Amino acid sequence: MIPEIGHFALILALCLALCQGILPLVGAHRDDAAMMSIARSAAAGQFLFVSISFGCLIWAFIHDDFSVLYVANHSQLSLPGIYKVSATWSAHEGSLLMWIFILAAWTMAVARFSSDLPMKLLARVIGVLGLLSVGFLLFALLTSNPFERLVPAAIDGADLNPLLQDPGLAIHPPLLYVGYVGFSVAFAFAIAAMISGELDRQWARWTRPWTIVAWLFLTMGIALGSWWAYYELGWGGWWFWDAVENASFMPWLVGTALIHSLAVTERRGLFKSWTLLLAISVFSLSLLGTFLVRSGIIVSVHAFATDPTRGFFILAFLSIVIIGALVLYAWRAPALDSDVGFGLFSRETFLLLNNVLLVVAATLVLLGTLAPLIVEMLNGDKISIGPPWFEVAFLVPMIPLIFLMGLGMHTAWRQQSTTPIIKLLRIPAIGAVVVGIVLPLLFYGRVGLMLAVGCIAAVWIVATSLLQPWRSWRRKEGEAGITRSALGMSIAHLGMGLFVIGVTVVSAFGVESDRAMREGEIIELAGMQFEMREFREVKGPNYDAIEGVVEIRKDGKYLATVRPQKRQYLVQTSLMTEAGIHPSWNKDLFVALGEDLGGGAWSVRIQYKPMIRFIWIGAFVMALGGLVAVTDRRYRRKDVTP
Amino acid sequence: MNRFILPLVAAVVLIPILVLGLRSDPTALPSPYIGKPAPEFELPTLKDPAKTIGTANLRGQMSIVNIWATWCVGCRAEHQFLVELSEEGSIPIYGINWRDNRQNALNWLAQLGDPYVASGFDADARVGIDWGAYGAPETFLVNADGIVLYRFTGPLSWPIWEQEFVPLIAAGAGR
């Protein structure tokens, strides 16, 4: 009964989404206040019914209702409780429903927190979001109904893919989706502006916080995914340039560009058409990412099962959204551009460079991701583009970006005179060069070109981003302190610096060794001894495992014990690697079991990963910066409606 | 005015690429051995480690070589088909039991039926690597001269068999 309620609620949500998508837009066109005022209540109703539907699916998972096909395929009686909940979004149907739920929640948030928006703009924004909801609801109801029954009901389920039985993966997709879907708000604002033909600085002030919030969730989602891949896939890498990782990374790059371009539009009323184009692109790339993951056109560890009807549906939807938006853009954007000038050496220039470099980076990632598809179409060859290509292609725009970042942060709007900025940045610049070369020599005893470039860049960003908060902290009585917005920017850039430190040090000084080990054997790596004390059998709730007990010592002194496991999941009969990691702030010691080589020996991978935590800490600091920035006074509402 | 149309042009170029991408199957992998002699191998058989099976056994008639393992879910899915195919008796099926445990493999055949003329036991995956195996199950069609005609990755079924293998076998036999 409950699944039918869920299904029915989803159909009602579609009806309300149709009202929400059509009536307010028509109302705004006709200047009909009654029709426009439907926007809010329709959005609230849609959210209510989508929530009921999503709740019903979660209910079916918690109560092991294996008469529902989707539940029977992705859960199992002995699955631990928290994974029964997270199994809801572990595959296509459920995660699509979650996507719809998050979209409805964003719409609700816009309706709730935008009471200072002009009625027409609000009606158009909610209307566009409603049309997007219609698309996704149709997609779910026509091709991917999560409530489909299984007759006769299964006695037990097929279990959740063991790769996904992990706390990191339980929250990685929701965070990622909040980010992806959140960009639909920026998209809706862009469409609304193009329909009305009005785009002013006020518009940018309304759009920007929504974009930053979406971006900060996406940042956390990607970081969490990378962290999960690091400890769960057993290779010890943190980014693989996998097609689906790229699919989440492209919206991030363009979203970052959008935040910066919105800053220019907000402060100076410039870059209007460019901001619109970025807002369209970032959401289009989010949709493209969904398409790549769900159509199965690209082979990836993340890809869901192939189903051509779904692929065609999402592609048709994607085409309508993108082409519709871009036709509107080609028609309306020319009228919006303004011709206010700015000096060559000004913050505008730096933000323009930031945008160009980020978009170039995103384009290169897009090319690398789609190149195998294109080549196969041209001459039928299978090629695969891997990390070596991406690493080089990606660094080309990134290195200048990182150096320009420190400079751009301290450059004034309109026109910057050179003398004061040289005076201001002289010490950080010299400091970065000296510290960037000396530190690796001191701690790791070696320095090279890429290493020096990375370290100098990292120290440079850290120093320049701390400059403004530092001066604010030491300011004289009566002087204005740093705004939340500027503080947020400083924190986010500091996060970028920490990230660069992590990437540089771990790629220069990370050491790994793959060897066969028997009980009692010792391997020496990075000045530490790893002793395999024993192999033992361990029983989990739904798996059996072989566990290696590895004691790590440094110069004979006990350091830590790690317990890498090889798990055999009973229902899905698949083998999983659970790495044993001894984490600390400045290094990870990573041990993973490979294969049973027979005769009591296992292949073992041992890795020493200095500073790797900085990669994820950096990403979370970036997200924190976004959070601080949206609390700026100018984004908070002054008027409170009764 | 022109530059505002460029993004639209880019999208119009990109979308057909995605449409065409939808039609191709990303899991279909060409084998470098198609049209070439099958890689030489000689393995102890699963049932009797004293006996061996190898490239020599493939000569003289059209056969299929199936790479399988008990840990592989796809192999379980196609097993029923293989048993039915062997009962039909139109073509000999050779197995390469890949990265597996001998006892598990023997239990599996005892339980689910043994469609294979013989299975080679390839515990350390050497032969699998020579054949360019990408994952189990994989199936190769080898003609009477020991030339690889076709490779299929993933679980077999009757529709796939009729569509992909039967025409090649008919063409090979008519030659």
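Criteria and thresholds
- Residues numbered from 1 in each chain as written.
- Chains lettered and ligands numbered in written order.
- Predicted model: local features only at pLDDT ≥ 70, side-chain atom pairs only at ≥ 80, totals over all residues.
- Helix = DSSP H or I, 4+ residues; strand = E, 2+ residues; numbered from the N terminus.
- Rg over C-alpha atoms; globule rule 2.2 N^0.38 Å.
- Buried ≥ 20, exposed ≤ 12 C-beta atoms within 10 Å, placed from the backbone.
- Contact = placed C-beta atoms within 7 Å.
- Pairing = 2+ DSSP bridges.
- Domains from an automatic or database assignment.
- Expected span 1.5 Å × (residues − 1).
- Core = buried A, V, L, I, M, F, W, Y, C linked by C-beta atoms within 7 Å.
- Axes fitted to C-alpha atoms, helices over the stretch in contact; angles between N-to-C directions.
- Parallel < 35°, antiparallel > 145°, perpendicular 65-115°, else oblique.
- Nonpolar A, V, L, I, M, F, W, Y, C, P; charged D, E, K, R; others polar.
- Left-handed = near helix turned anticlockwise from the far one by under 90°.
- pLDDT = per-residue confidence, 0-100.

## Here we look at the overall build of chain B
Assigned secondary structure in chain B consists of six helices and seven strands. From first element to last, N terminus to C terminus, chain B shows the α and β order α-β-β-α-β-α-β-α-β-α-β-β-α. Scaling as 2.2 N^0.38, a compact globule of 175 residues should have a C-alpha radius of gyration of about 16 Å, whereas chain B reaches 20 Å, well beyond that. Each principal axis of the C-alpha distribution contributes one length, and for chain B these read about 80 × 40 × 30 Å. The buried share of chain B, taken over its 175 residues, is 33%. Contacts in chain B between residues at least 24 apart in sequence constitute 71% of all its contacts with a sequence separation of at least 6.

## A look at the overall build of chain A
A tally of helices and strands in chain A yields 18 helices and 10 strands. Expressed as lengths along the three principal axes of its C-alpha atoms, the size of chain A is roughly 80 × 75 × 60 Å. Each of the 642 residues in chain A was classed as buried or not, and the buried ones make up 50%. Sequence-distant contacts, at least 24 apart, represent 75% of the contacts inside chain A between residues at least 6 apart.

## Considering the pairing of strand 3 (residues 63–68) of chain B
All names here are of chain B. Here strand 3 lies mainly inside the structure; six of its six residues are buried. Burial of strand 3 is two-sided: the residues S63, V65 and I67 facing one way and the residues I64, N66 and W68 facing the other way are all buried. Examined bridge by bridge, strand 3 and strand 6 (residues 138–142) share five bridges and lie antiparallel to one another. Note on strand 6: the bridge partner recorded for V65 is F140. Pairing of strand 3 with strand 4 (residues 93–98), which is carried by five bridges, proceeds in the parallel orientation. Counted as the bridge partner of V65 is Y94 from strand 4.

## Side note on unusual backbone geometry
All names here are of chain A. Here the residue pair V151 and P152 is connected by a cis peptide bond, since its omega of -5 degrees sits within 30 degrees of zero. Even without being a glycine, A526 presents a positive backbone phi close to 50 degrees. Locating A526 in the fold gives a position in the loop between strand 2 (522–525) and strand 3 (528–539). In this structure A526 comes out as partly exposed when scored by C-beta crowding, with 18 C-beta atoms within 10 Å. You will see that M611, though not glycine, has its phi angle at about 65 degrees, which is positive. With respect to the helices, strands and loops of the structure, M611 is situated in the loop between strand 10 (601–610) and helix 18 (613–630).

## Structural notes on the domain arrangement of chain A
You can read the domains of chain A as domain 1 (1–165), domain 2 (167–401), domain 3 (402–509) and domain 4 (511–614). Of note, the centres of domain 1 of chain A and domain 3 of chain A, computed from C-alpha atoms alone, are 44 Å apart.

## Points about helix 8 (residues 167–196) of chain A
Residues and elements named next belong to chain A. With 30 residues, helix 8 should cover 44 Å at 1.5 Å per step; its first-to-last C-alpha distance of 45 Å lies within 8% of that length. Buried residues dominate helix 8, accounting for 23 of its 30 residues. At the C-terminal side of helix 8, G197 shows a positive phi close to 75 degrees.

## A short note on the nonpolar core
Of all hydrophobic cores here, the largest spans 202 residues; its most connected members are I100, A186, F189 and A279 of chain A. A per-element tally of this core places helix 9 (residues 201–232) of chain A first, with 19 residues. With 33 residues, the next largest nonpolar core counts W68, L141, L156 and W161 of chain B among its residues.

## A closer look at the sheet that holds strand 9 (residues 587–598) of chain A
Residues and elements named next belong to chain A. Spatial ordering of the open sheet is given by 1-10-9-8, a layout of four strands whose pairing is antiparallel. The open sheet has two edge strands, strand 1 (511–517) and strand 8 (580–583), and neither has a second partner. Neighbouring strand axes in the sheet, compared pairwise and without regard to direction, differ in orientation by 15 degrees on average. Both strand 9 and strand 10 contribute to a ladder of nine bridges, which runs antiparallel. Counted as the bridge partner of G598 is A601 from strand 10.

## Concerning the pairing of strand 10 of chain A
Residue and element names in this part refer to chain A. Bridge count for strand 1 against strand 10 is seven bridges, and the pairing is antiparallel. By the bridge assignment, A516 is partnered in strand 10 with S603. Counted between consecutive antiparallel strands, the loop separating strand 9 from strand 10 contains two residues, among which G599 sits at a positive phi close to 65 degrees.

## Focus: the packing of helix 17 (residues 484–509) of chain A against helix 18 of chain A
Relative orientation and spacing of two packed helices are given, respectively, by the angle between their axes and the distance between those axes. Residues and elements named next belong to chain A. Relative orientation of the contacting elements helix 17 and helix 18 amounts to 170 degrees, with a least axis distance of 7 Å. On the basis of the axis angle, helix 17 is roughly antiparallel to helix 18. Looking at side-chain class alone, the contact of helix 17 with helix 18 contains 19 nonpolar, seven polar and two charged residues.

## As for helix 10 (residues 243–268) of chain A
Residues and elements named next belong to chain A. The first and last C-alpha atoms of helix 10 sit 37 Å apart over 26 residues, in line with the 38 Å expected at 1.5 Å per residue. With 24 of 26 residues buried, helix 10 lies mostly within the body of the structure. Once helix 10 finishes, G269 follows within two positions and takes phi at roughly 70 degrees, a positive value.

## Examining the packing of helix 8 of chain A against helix 10 of chain A
All names here are of chain A. At a closest axis distance of 11 Å, the pairing of helix 8 and helix 10 adopts a crossing angle of 45 degrees. One way to sum up the angle between helix 8 and helix 10 is to call them oblique. For the pair helix 8 and helix 10, the crossing hand works out as left-handed. For the pair helix 8 and helix 10, the contacting residues are L176, Y180, F183 and A186 in the first and S248, P251, G255 and L258 in the second. When its residues are assigned to classes, the contact of helix 8 with helix 10 shows six nonpolar, two polar and no charged.

## Considering the environment of R332 of chain A
All names here are of chain A. Mapped onto the secondary structure, R332 falls in helix 12 (residues 308–336). Judged by the 19 C-beta atoms lying within 10 Å of it, R332 is partly exposed. Distance in space between the C-alpha atoms of R332 and S196 is 9.2 Å, their sequence separation being 136 residues. Apart from the residues lying within four places of it in its own chain, the contact partners of R332 are M194 and G197.

## Overview of the sheet that holds strand 5 (residues 118–122) of chain B
Residues and elements named next belong to chain B. Here we have five strands laid out as an open sheet, ordered 5-4-3-6-7, and mixed in their pairing. Two strands bound the open sheet, and with one partner strand each, they are strand 5 and strand 7 (148–153). Strand-to-strand, the axes of this sheet are offset by a mean angle of 20 degrees, without reference to chain direction.

## Digging into the confidence of the model for chain B
Chain-level pLDDT for chain B is 83 on average; 90% of the residues reach the 70-or-more range. Taken element by element, chain B is modelled with least confidence in helix 5 (residues 126–130) of chain B, mean pLDDT 79, and with most confidence in strand 3 of chain B, mean pLDDT 91.

## So, the environment of Y150 of chain B
With respect to the helices, strands and loops of the structure, Y150 of chain B is situated in strand 7. Separated by 14 residues in the primary sequence, Y150 of chain B and E164 of chain B have C-alpha atoms spaced 8.6 Å apart.

## Describing the environment of L58 of chain B
Residue and element names in this part refer to chain B. Within the secondary structure, L58 is located in helix 2 (residues 55–58). A tally of 25 C-beta atoms within 10 Å means that L58 is categorised as buried. In this structure the C-alpha to C-alpha distance between L58 and I5, which are 53 residues apart in sequence, comes to 61 Å. Setting aside residues up to four positions removed in sequence, L58 forms contacts with A38, S63, Y94, V142 and G146.

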